[in-house]
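# Notes for the structure review
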Amino acid sequence: MARCLLVALTLLLQAGPARAEGPGTGGSRIFISDKTVGNYVLLVWAGPSPPQVGRYTVYVRVSDLAGQQLRDGLQVSVRATEDANGAVAESEATHQNAGNSLDYAAHFQLPRKGNYQFDVTVQGAAGDAEAVFRDRVVATISFGLISAIAGPFIVIIGAVFWYMWARQSQPDPEAGSEPG
């Protein structure tokens, strides 16, 4: 029992912080779901979810009005505007950023927590279209914060295991005496 507790505590203490980078990590959330905008149908999602200070990616999938996905001949860009100070960051959305030939993706480094507005612009042979969504970015959740929250629970669980182990290790006073 003590060995199990020791192994569990050792594994918990050696765990390093997880980094959420690249497409598909941290989960994502759909903001615009198959919405007709001009001559296009847009599906827009972003991640990680929940959005945190640092890397943020906006993904865009574009179809024509007949539902045929458009992969070539489009210029897709995304503009992020911070509500608090009006700071603007722009990024071109590309297939290379998305890691596939179906979607377009734009990467951002969001410097502060707060509310942001994202303007997605599509330019192509069928005309131009723009869609807008908003997201709230929170402070980065650190390994230290997680440890501070989980620490007391780990101590309590350790104390319960130690108490159970100590009780099992004590000789039973009734087992040594003979009835008589």
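These figures come from a predicted structure and were not determined experimentally. (Residues numbered from 1 in each chain as written. Predicted model: local features only at pLDDT ≥ 70, side-chain atom pairs only at ≥ 80, totals over all residues. Heavy atoms only, no water.)

Below, the discussion takes up the pattern of salt bridges. Following the criterion strictly, the structure yields five salt bridges and no others. Two residues, arginine 79 and aspartate 119, come together in a salt bridge whose shortest N-O distance is 3.4 Å. Of this pair, arginine 79 sits in strand E4 (residues 75-82) while aspartate 119 sits in strand E7 (residues 114-124), and the two are 40 residues apart along the sequence. Among the residues examined, arginine 79 registers a relative accessible area of 29% and is labelled partly exposed. With relative accessibility at 4%, the residue aspartate 119 sits in the buried group. (Salt bridge = Lys/Arg side-chain N within 4 Å of Asp/Glu carboxyl O. Helix = DSSP H or I, 4+ residues; strand = E, 2+ residues; numbered from the N terminus. Buried < 20%, exposed > 50% of the residue type's maximum accessible area, 1.4 Å probe, protein only.)

Glancing now at the packing of aromatic side chains. In this structure the tally under the stated criterion is six aromatic pairs. When the centroid spacing of 4.4 Å and the interplanar angle of 25 degrees are considered together, the rings of phenylalanine 31 and phenylalanine 133 count as stacked. Residue phenylalanine 31 is found in strand E1 (residues 29-37), and its partner phenylalanine 133 is found in strand E8 (residues 127-137); the two are separated by 102 residues along the sequence. For phenylalanine 31, a relative accessible area of 21% gives the class partly exposed. Between tyrosine 56 and phenylalanine 118, the ring centres sit 4.9 Å apart and the planes meet at 20 degrees, which makes this aromatic pair stacked. (Phe/Tyr/Trp six-rings, centres within 6.5 Å; stacked < 30°, edge-to-face > 60°.)

Before going further, it helps to spend a moment on the sheet that holds strand E6 (residues 104-110). Backbone hydrogen bonds hold the strands of a sheet together, and the pairing may be parallel or antiparallel. Here we have four strands laid out as an open sheet, ordered E1-E2-E3-E6, and antiparallel in their pairing. At either margin of the open sheet sits one strand with a lone partner, and together these are E1 and E6. The mean inter-strand angle of the sheet, taken between neighbouring strand axes irrespective of direction, is 15 degrees. Pairing between strand E3 (residues 54-64) and E6: seven bridges, direction antiparallel. Note on E6: the bridge partner recorded for valine 60 is tyrosine 104. (Pairing = 2+ DSSP bridges. Axes fitted to C-alpha atoms, helices over the stretch in contact; angles between N-to-C directions.)

Quick look at the sheet that holds E8 now. Across the sheet, four strands lie side by side as E5-E4-E7-E8; this open sheet has antiparallel pairing. For this open sheet the edge positions go to strand E5 (88-93) and E8, each flanked by a neighbour on one side alone. If you compare each strand with its neighbour and ignore which way they point, the axes differ by 20 degrees on average. Pairing analysis gives eight bridges linking E4 to E7, with the strands arranged antiparallel. In the sheet register, arginine 79 faces E7, and the bridge partner there is aspartate 119.

Residues of the protein with pLDDT of at least 70 account for 77%, and the chain-wide mean is 83. Under a pLDDT of 50 for its full length, residues 15-25 has, in the predicted model, 10 contacts with residues more than four places off or in other chains. (pLDDT = per-residue confidence, 0-100. Contact = heavy atoms within 4.5 Å.)

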